[in-house]
Every structure is written in structure tokens, then in C-alpha cells.
Amino acid sequence: MNERYLKDKLLGKIRYPQNNTSKKILYIKLICSPIERGSIEELSWTEPFPKDYFLIKAKDIPGKNTIDFGDGSFPLLADEEVYYPYQPIALLVGPAPQVLKELEETVKLKINKKEILPEFNISEQEQCSYQREIRTSSSDGLENKSEIIWVEDYFEMEGQQHSSFPPAHSRCQNEGMVFNIHCITQWPWIIKKNVQQLLKLPKKMVKIRCYPCENHQESKIFHPVQTASFCALASFISKKNCLFQINPEDNYFYAPPKGKVGIYLKAACNHRGELLHLKLDFSLEGGAYPLWSKERVDRMCFFTSGVYHCRNLEIHGKMQRTTSMPTGLFPDGDLSSLLTSIELFSNIMAEECKMTPLEWKTVNLIKRGNGWFTGALLARNPSLDELIKAVVEPSDYQRKYSAYQYQNHLIKKDSSKKPQKSKGIALSLGCIANNFLTQQRDQSPATISMTLDQQGLSIELPAPPGHGQLYKIWSSMASEALSIDENNIRFDIYKSEENNPEGPSCFSRNVTIIHHQIKQCINQIAKKRFREPLPLFETRRFRRSRNWDDDNFKGHPYQHLSWGAAVVELELNHEDNSINIQQIYIVLESGKILLPSVASSVVNQAIGQSLQWIFKSTENYNPMGENTLPFNLQFLETSKEPKALDGLVQNILPAAIMQAIAQASCKNQHFLPVTPGNWERKK
Amino acid sequence: MAKKEGINQIYQPRNWNDIIKIVDNKGNAQLYTGQWNKNLKVQGGLDLHSHLIVPQGLEELKRIGRTEEHIEVGALVSLEEFINTGKKILPIVLFDQIRKDFPLPLRNSLKVGHLLKGLQVSNPLILLLCLLDCSLERKTFKTGKKKTHLKTQWLYLQQHLQDKYSNGELLCTLRVPIYRWDHYLIRNIQYSGGLLTIIALADLTRGYVSDFRLGFIYEELKPLRNKEWEASIMGRKNLFNQKEKENIYQYLLDNGVPGDEEYLKPSLLMILDNLLYHFQDREY
Amino acid sequence: MTIELFLNGEHKKLTAQADLALSQVLQLECRGVNPGCGKGYCGCCTVLLNGKLTYSCQIPFFSVKNQSIMTVEGIQTSNIFSDILKGMKRAKLDICDYCAPARTLSFYSLLKRADRPNNQEIQEVLSSIHCSCTHIPLLNQAIFYSLEEKYTRLHG
Ligand code: FES
Ligand code: FES
């Protein structure tokens, strides 16, 4: 790496939106709703505001008072009604943050309480924002057969929590009514579109400058949009530069939403353990304004049977509206909850069929040539067998599993012999897909363009890539193919106005797509190089897979699927139910790994995230303390193309841990997070 | 600078006389011991409505002293310094616990006084300090007819927690007995009723218990400790018998800990059963 | 209130409200302080207060009167900084932009204090910045290399 750059980094010369030393900047303070649901009666202030201080209400917005994500939207500032606690109602703007704090107290806000929406409940039907029903066969023929084993169960999981680093501060620089918005985001286009609509401005007058956000969870999709819109609005009205800084007291931004997922599963197996029929009924909690409901529900429908083969399905999925903050989006939607429950369920099925989990899994694994229920065939080999082999052998899974099972058997026989500690081991499998299902136009495209001229090569990207080192890889790729000096290669992010919009489906860390496009562009330019005069221009656009029919749910929407397997061994202390994880083996098949060290830190972070999700705290896992987890990571590189990695660990690890706990405690787990209260909870 | 929110006033006295004056005039003044943010999970936070005393000079408060039996630490010694000085002579359990609770940068900025004043009662550290028989020096300012004078009083921590901390008082020195406990056990039982923390300390000589401490802490309740149990254990080879264990559980219930026959009781009995086993396990 | 202090070795007078966190004041003064959580959790706001590693969001402004504060700008000319730089380069560490200044300071405090820190000391310094986005084994490696650099500089 460039030494200058590293030095700048270390000295903190990389700027962030909040690093503005100019004294002439206005600060913004949010006025939020103190109650959950109600209608706004009055918003007034007793004393006149000092000069340069003012209040912005929903009525002052020149354009459309909405934040629109293509699939789902919510108002920027609540106008008449509030639907969730801490919903923003107005903005206080002024040059000194301390004075803003004082002024906030003089603002009188009267809200009449209203009845809140029903709590999250899987059988709730009325408050649905979206639902999907699919039925490929019915179970009628199976009902009466005697050799069929029926299993059913219910799982309830609280969603993952988004990390709040680095905070999504934003700044808006008003340069003669051209709005330069500085923010930490990976979706500049969404911000641009929303600000334009909000202020009723032409395209040219809104400019976005993105700042890097490194390996942090890329799920923070709507916070930057909100903070940027607040800034732009304040800057539009005040005609000055504005900064929105998130303070630790801002509950609104520091209480990231966690939606619940309820999953009911019913399955039929024959005596050989083959999965014959599966019924899935699930409900997602979408908060007050459900976002991406279609995408999230459909994605879960597509992966109904997880990594197992089953074509006879009955699916009913929906998204429920509740009185809470809108829930965000993770790279794979809510798939982690579904895959976790399917893995837990598969264990229960295996038990009923009198098989070990490994046997059951091997019988039912999805293989090359197997069809999805959508009618598509799995073209590439998922290599699940190799993955299983790669985790099972080093961890000695089979022997340990039966040993612990025998130990449990003894305890069950004579409960007075309950030992102080017991152990459990479990295997789980999972997968992840990279792109969005939806075919809505503004949600999917990603365009790369490249220009070669006298100055060198300039590459324009739709969004900042997941990691800074990718630039390095691409520029060395280009310099090799075109034999130009690396210093003459420039990267721009979303510069030209004519370019097509980039929707959230183009996850910026989705190197799968961008890497491929860049490679193609470079090849094209290399071909044209000495035949045509400079400048040479080349562009590539990502298009949604054609063999996917969204309305009828037919075909195969995903270009690549990544797979993974994990084995976890842990020890449970019965004295205080504390858990001590002893070994984690993870093997991932996510194509070519471009940056090994980045990939392993992504996995490292994902392990932390999963543990936080399962145990609701990081106490059991301090990523850098002395008790660093003993985890063995291996990548199985089967293809030459990079594939999705983010979110894969969250899809496999929780299931393995929960199953291992189930084995050690002799109690099947149905609830996430695994807190003592939930251990004993009845379904 | 009278504000609705924020600190009322900050004083920077140079000697005890100044402090006397401040405490005398402003009843609710307190020493500033590094605590700050309300949101931090390990800290009790700063009472924003009180006056703060940030002494300049006053070496007495920043000193660590040693007598034959005790170590005396001023309230303004930083935790890190305390750990580094006492490492060789004070019980390891205390330092392990402080290290676990506060990362290095916080230990640098927090002062010992924070342990006594800032922490919530439910923090295991408080219980630990009680079990170690720590005492503290409490300075009270008494206004006589003509002038105010200073009264110094040594109190056991447990006593201090029992009677209410009143205005016009300052906590100045923490005194920790020099005694290395060889064995310790800290367990948290999280059950439907809440979180119960158990701390046991012991010294064993040739398999006999030569010294023993046991205490409990449950959420907002004061630390629970019964010296009778401790005395009865001394000199034994085994710890509690079945009846005594039941008694301990009953004692907890009597003191306001919500009961739970299904989970809390068996866990508690199991921990008490295994105490000795843990102790023998852990040799330094 | 206005207080006098030594910021990066310079005598300075700063004016701010007394009960603001130091991080909020420093953020405007120098580049190396990027507060994240404001709760003493992330460690992105770390500075050296009288030579000791401290979270600046956990210190009120009034309490730093006449104290010396060092941010990453204050160490950029020191030898140890160049040791760290070399060490990180050798370890091929790709450090996260946001917390890089805080990490550098924490390395500095370790290198300055000890020639041969034990494992516990290293872990403690590493875990005082809580975010795990940077690959942790590499960070460890970087510390070792920096120590090595320092050793060769001093002893040849
Ligand atoms: S901002 Fe100070 S520790 Fe996070
Ligand atoms: S803030 Fe730098 S590693 Fe996360």
C-alpha cells in the first residue's frame, strides 16, 4: 500500500462529514415523538426564538414529505400522526448546539394518544402489508399413510441488531443553491433521488459525496438517507451549511430496530428420512412502515426448504405492521432466521426418524440437477458434500456427537446424576444469494463505465466498493491488461449525472457483479485499444436474470449462490447456564477470495455479530480479549468468480450454536435470543 | 451559571479549609472522581444537579499508603494506579474483577472514589469490597457555633451502605486489608426473576477451610452477607450440608430475592455443593 | 468556560461549555478525534491524557484544566510513530479509516511504555478499541513488527 496514504490514514486526515471546522455551520436537533402512537394536536413554542434559530415542520417541506425506497416509504417528518416511538416530528436549527438543547424544552408538543397496533403475532392477519401464498402440492394424499412421520414446530426469533458505527452523520454544503451532501453511505443514488423529491430540485443541483465505511454492516440503509435529508432540508430553508450530528442521547438513532420473525413448520418424512412435504407459515415484523416487504417475504419463500431438497411445499408468508420503528435490511433480508429455524427443525425431524442429524442431512441435501420448486434447475454443484467433509473430519464430529448423546441418555435415565457440566456439538449448513429478487427497474441495475484517454484510464463505479483494497486489485488488473501505469488509473464514484440509478440491490459489497463487469470492460478496451482513436469508452450494465418470473414465482433469479457449513462444540455449565464455546469450524464456499485478510476479518466480525444476536450481549465473546474464540476458518475456492460472503456466517453459525446448546441441555431450542427466560419458555 | 441541566458549579479548592467552606455552603457538593456519562453500562454516572469539587493540590487524596494490615488509597487515585501498586499484596480477585469491568482507558480516567460512590449497588464489585472487609474514611463537616470543623470517621463499607449518605459528607480514603485470598468463585445466575450474583472467597490449609466468605447480591438489594455461616464453616473439611443449604436459600427469599424452585434453587444448591471442588481446582 | 491546557505540547486556551465531553471539543480542534458512540464503548475517541490512554468522550471538559492532552497529530514527528508506520506496512495491515488514529495512539502508548510488553498488556491495548472490523491477528502482527522496528532503531 502507498505509504503516504497509510500515513494520512493514521494521522486522521481521512475526512468525515462531521470534520468541518468552519464556524459558520448550523446544527440540527430532532424533535421526536415521546409516545408510541397518536395524533399531533399542537406544536408551538412559548418564547420567540433568538435570531438565526428556527423550527422546521412537515408543512415547510417544499416537495414531497417522504423517504422512498422503491418498495416501501415513510414520511421524513410526521405531519398529523405518529406511528412509532421517537418518530421525528420537527427539526430545530441553529448555530449553537447548547442553545438548541435549551430551546427544545420551550417547544410545546401535544399529542393525543391513540390505540396502538396489535403486537407481533403469527396468526395476525389484518395488519399485513404484503403476503405471498404458494402451493406446489397438497398433503392430502399423505395424511392417512401410516409409515409417514409428521413433525411440526414453531420458532420465534428476534432479528439481528445493526451496528451503529461509524455514526451516520451528514453535512450539507449549500453552494449557491447547489446542495453538496456529505455522508457515509453506500447508496448515493437513493439519497439523491429522495433529496430531489423532497426539495423539488432538478438533478444537477444535488450532489452526493460518499465517505468510506469499511467493513461495517452494510445494512444501515435508511439512517444515512434520513440524516442527509434533514441536512438538505435545513440547508435549503436556511440557505446556509448544515450539519446533522448524531448524539449519544439521540435514542432514535441509537436504538436500531429489531423485528421479530415467527416461523411455523410442518413436515412429512418417510421412514428413510426423505423429506416428502413441507409446510411453512411465517410472519415478519415490519415496524410502522414496512420496507422492502415484497423482497424480504419473497426471498424467504424462495429458500423455504433451506439447503434441502423438497418440491412439495405449502408456503404462506407475510409482513406485519406494528407500532415500532421500521426495521432495516440485512444483506440477505431475514434469511438468517429462516435458515436457523430450518436447521433446528431438521434436527427434530432427524430425531423423529431415529437418525443422526448428519444422516438425515446427507439423505436430503440439495444436489446438482435438483430442481427448485420454482421450476429451475440447480446448474452448478453446491459442493455441500465436500463442505460437510471439511468440517466433520477435523472436528471429529461423529464420534463426539454419539458420545454426548450417550451421556444425555444416561442423565435422562437417572436425573440425580446430573453433572455440573455437559457438552454439545452440532453441525449446520446454510447458503446465501447475492442479488435482489425484484425486477423493479430502479432497484436493480448497476452500471460501470470506463474511459481511456491521454491522461489514463478512469473508471466510474456505481457505489463505493465494500473495501478500499478492491481499488488496488482492479487497478493492478487494468494496468496489467492495458499496460498503463497504476498511477494513471482513477476511480470515480457516481459522477456523471446521466448514469442510471443504482438501487439497494446492487449491494456495494457485491463484488460478484462489479468485479465481473470491470473485467469485461477492461477486455473490451484492450481489444479496441490500437484500432480506434482515443478516447475509448466502454460501459457495462448489470441486468436481472431473464429466467425469473417475479409474478408467478418461476425460474431461477440468482446468478450465484454461496454455501457454508459449520461445526460448533461447546460446554454448558449447569450451575449458572453459562456457555463456553470450545471450537468453531467454519468452511465457506464463496468463490474466489480476492482479499484473504479482508475476507477473514469479515468472517471474524460476522462471528461477533452472530454471537451478539444469539446471546443478546457480547459478554460471551470479546473479539479481542484474552479469551479469543478458537475458530478455524477455511475457504473452499471452487470457482474463479468471487461470490457473496457477507451474511453467510450469520446464516449458519447461530443454528450450530443453538443445536449444540440443545444437545448439552437436553432441551430443544425454539427462541432466539437464547436467554434463560427463553430457555424455559413454552411454545 | 445556573442552568436547568448541567453541572451547577465546579470548585477547585486547594486545602481542606476551602472544602469545608464549600461543603458547608452547598450541601450537595461531591468529589469529582472521573465518572461522567450516564449511558455507560458500567458506570453509575454523574449527578448533574450537584456541585463538583475538583481539588487542586491536596496530595492526601491522591496518595496510596500502607500500614501493617491495610492499604489506604485516596479517593482520587486512578484505578489503574491502584491495580499496579497493589498487585503483589492485595487479593487477585479484586483486580481481576476491576479489569473485567473497566477497559484500560476507563481505568485511567476513573478514580477509586468511583468504586464507592458511582457504582450501582447491584455491581458485584461492591459486594466484593464488602466481603473483603474494606472500610472507608468518611469526613463529615460539622458546623459549630462559631466555626465549622471536620470530623473523620472510619466505617465498614457494609455499614456505610446501610445508613444513608447525607449531605455535607465526603468519602476520602478506601482501606483494604492486606490479605491474599487464595480461592474465589464468582457466579451469576440469570433466571426469570432477575440476576443473582454469588461470590465466595476461601483459604484452605491442608484441606481445612481456614477462612471463608460468602455473599449475594440481587439487583437493587443491599449486599447480603451472613457472618454466622462464615463462622460455622471455619475449620471444616466439607462445606455446607443439605440443611444449611436450604437455610441459605430460605434466607435469600426472606431478604426479598424472588424465588424460583425450578431453576434458581437447584442451581444455587449445585453451586454451593461444588464450591470446594472449584476451590481445589484453582491453585495459584 | 475558558481553560488553559497543553494540546499536543502547545499551550492553548479553549472555550466551551463546562459539561461538554472533551471529545466534542477536540473534534473541532484537531483531526485525529472521531468520536463514535459517545458512551465509552467503541474507543474511536481515544486520546492521551497526561500520557495515559483515555476515552475523551468520558471526560468532561472542565476536568482537563492545566492537563496535557495528546492526539495523533502530536506524535507524528516522533520516532515511535515511524516505527508504527513501518510495522503496519510490514504486516500489510489494512486499517479501518475511522478508528485508525485511535489505534495509532494506543500502539504509541504501548510502545512508549514498554520495550517488551507481555501478552496481557498487548491484549489490553488492543481491546481498548472495541470495533473488530480490522483483522485482529494482523493487528497483533503489526504490534510485533513495530516493537521490532523500535528495537532495531535503538539497539541496531
Ligand atoms: S466515542 Fe468515546 S468511546 Fe466511543
Ligand atoms: S471503527 Fe474502525 S474498526 Fe470499526
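Everything discussed here concerns the structure shown above.
Just so you know, these numbers come straight off a predicted model, no measurement behind them. (Residues numbered from 1 in each chain as written. Chains lettered and ligands numbered in written order. Predicted model: local features only at pLDDT ≥ 70, side-chain atom pairs only at ≥ 80, totals over all residues. Heavy atoms only, no water.)

Chemist: Before we move on, could you go through the overall build of chain A and cite the residues and values that matter?
Modeler: Across its full length, chain A carries 16 helices and 28 strands. The burial tally for chain A puts 63% of its 683 residues in the buried class. As displayed, chain A offers around 26500 Å² of accessible surface, 47% of which is attributable to carbon and sulfur atoms. (Helix = DSSP H or I, 4+ residues; strand = E, 2+ residues; numbered from the N terminus. Buried < 20%, exposed > 50% of the residue type's maximum accessible area, 1.4 Å probe, protein only. Areas by Shrake-Rupley, 256 points an atom, 1.4 Å probe, with all protein chains shown as cover.)

Chemist: With reference to specific residues and values, describe the interface of chain B and chain C.
Modeler: Contact with chain B, which involves 23 residues of that partner, is made by 23 residues of chain C. Carbon and sulfur atoms make up 61% of the area that chain B and chain C hide from each other, which totals about 2000 Å². The interface formed by chain B and chain C includes 2 salt bridges. Taking the shortest distance from any N to any O, the salt bridge between Arg99 of chain B and Glu124 of chain C comes out at 3.5 Å. Summed over the shared surface of chain B and chain C, the result is 3 residue pairs in polar contact (both at pLDDT 80 or more). (Contact = heavy atoms within 4.5 Å. Buried area = accessible area lost by both parts, 1.4 Å probe. Salt bridge = Lys/Arg side-chain N within 4 Å of Asp/Glu carboxyl O. Polar contact = N/O pair within 3.5 Å; in protein donor to acceptor, adjacent residues only side chain to side chain.)

Chemist: I'd like a description of the sheet that holds strand E18 (residues 421-433) of chain A, backed by residues and values.
Modeler: Residues and elements named next belong to chain A. As summarised here, the arrangement of the 4 strands in space is E18-E25-E26-E27, forming an open sheet in which the pairing is mixed. If you trace the sheet from one side to the other, it starts and ends with E18 and strand E27 (631-635), each paired once. Averaged over all neighbouring strand pairs, the angle between strand axes comes to 15°, with direction disregarded. Bridge count for strand E26 (residues 578-589) against E27 is 5 bridges, and the pairing is parallel. Within the sheet, the bridge partner assigned to Ile586 lies in E27 and is Leu633. (Pairing = 2+ DSSP bridges. Axes fitted to C-alpha atoms, helices over the stretch in contact; angles between N-to-C directions.)

Chemist: I'd like a description of a positive patch on the surface, backed by residues and values.
Modeler: A surface patch of positive charge is lined by Arg4, Lys7 and Lys13 of chain A together with Arg31 of chain C. Tracing the sequence through the fold places Lys7 of chain A in helix H1 (residues 3-10). For Lys7 of chain A, a relative accessible area of 33% corresponds to the partly exposed category. (Patch = residues over 30% accessible without salt bridge, like charges linked within 9 Å, V, L, I, M, F, W, Y side chains within 5 Å. Lys, Arg positive; Asp, Glu negative; His and termini not counted. Charge placed at Lys NZ, Arg CZ, Asp CG, Glu CD.)

Chemist: Break down the nonpolar core for me, citing the residues and quoting the values.
Modeler: Core analysis: the biggest nonpolar cluster contains 126 residues, and Phe303, Leu457 and Ile657 of chain A have the highest contact counts within it. Beyond its immediate sequence surroundings of up to four residues, Leu457 of chain A is in contact with Met450, Thr451, Leu452, Ala478, Leu482, Ile484, Asn488, Ile489, Arg490 and Ile525 of chain A. Counting 58 residues, the second largest nonpolar core, distinct from the first, contains Leu116 and Ile126 of chain B together with Leu26 and Val33 of chain C. (Core = buried A, V, L, I, M, F, W, Y, C linked by side-chain atoms within 4.5 Å.)

Chemist: Residue-level account of the sheet that holds strand E19 (residues 447-453) of chain A, with values.
Modeler: Backbone-to-backbone hydrogen bonds join strands into a sheet, with any given pair of strands oriented parallel or antiparallel. Residues and elements named next belong to chain A. What the 4 strands build is an open sheet, ordered E21-E20-E19-E22; its pairing is mixed. Two strands bound the open sheet, and with one partner strand each, they are strand E21 (489-493) and strand E22 (536-541). Shown here is a sheet whose adjacent strand axes are inclined to one another by a mean of 15°, direction ignored. Bridge count for E19 against E22 is 6 bridges, and the pairing is antiparallel.

Chemist: Outline helix H15 (residues 648-665) of chain A, supporting the account with residue identities and numerical values.
Modeler: Residues and elements named next belong to chain A. For H15, spanning 18 residues, the distance from its first C-alpha to its last is 27 Å, which sits close to the expected 26 Å at 1.5 Å a residue. For H15, the tally of buried residues reaches 18 of 18 residues, placing the bulk of the element in the interior. Cys666 lies just past H15 and shows a positive phi near 60°. (Expected span 1.5 Å × (residues − 1).)

Chemist: An account of the packing of aromatic side chains is requested, with residue identities and associated values reported.
Modeler: All names here are of chain A. Applying the stated criterion to the full structure yields 20 aromatic pairs over all chains. Between Phe69 and Phe74, the ring centres sit 6.1 Å apart and the planes meet at 45°, which makes this aromatic pair tilted. Phe69 gets classed as buried once you look at its relative accessible area, which sits at 1%. Taken together, the aromatic side chains of Phe69, Phe74, Tyr83, Tyr84, Tyr289 and Trp292 make up a single cluster linked through ring pairs. Across from the ring centre of Tyr83, 5.1 Å away, lies the NZ or CZ of Arg321, which sits over that ring. (Phe/Tyr/Trp six-rings, centres within 6.5 Å; stacked < 30°, edge-to-face > 60°. Lys NZ or Arg CZ within 6 Å of the ring centre and 35° of its normal.)

Chemist: Describe in detail the environment of Ala102 of chain C, supporting the description with residues and values.
Modeler: Mapping Ala102 of chain C onto the fold places it in helix H3 (residues 100-113). A sequence separation of 49 residues divides Ala102 of chain C from Tyr151 of chain C, and the C-alpha atoms of the two residues are 23 Å apart.

Chemist: Before we move on, can you summarise the packing of helix H2 (residues 79-86) of chain B against helix H3 (residues 92-101) of chain B with the specific residues and values?
Modeler: All names here are of chain B. Taken N-terminus to C-terminus, the directions of H2 and H3 make an angle of 150°; their axes are 11 Å apart at the nearest point. The pairing of H2 with H3 is recorded here as roughly antiparallel in orientation. Along this stretch, H2 crosses H3, giving a crossing that reads as left-handed. Here Leu79, Phe82, Ile83 and Gly86 of H2 lie close against H3, whose contacting residues are Leu94, Phe95, Ile98 and Arg99. (Parallel < 35°, antiparallel > 145°, perpendicular 65-115°, else oblique. Left-handed = near helix turned anticlockwise from the far one by under 90°.)

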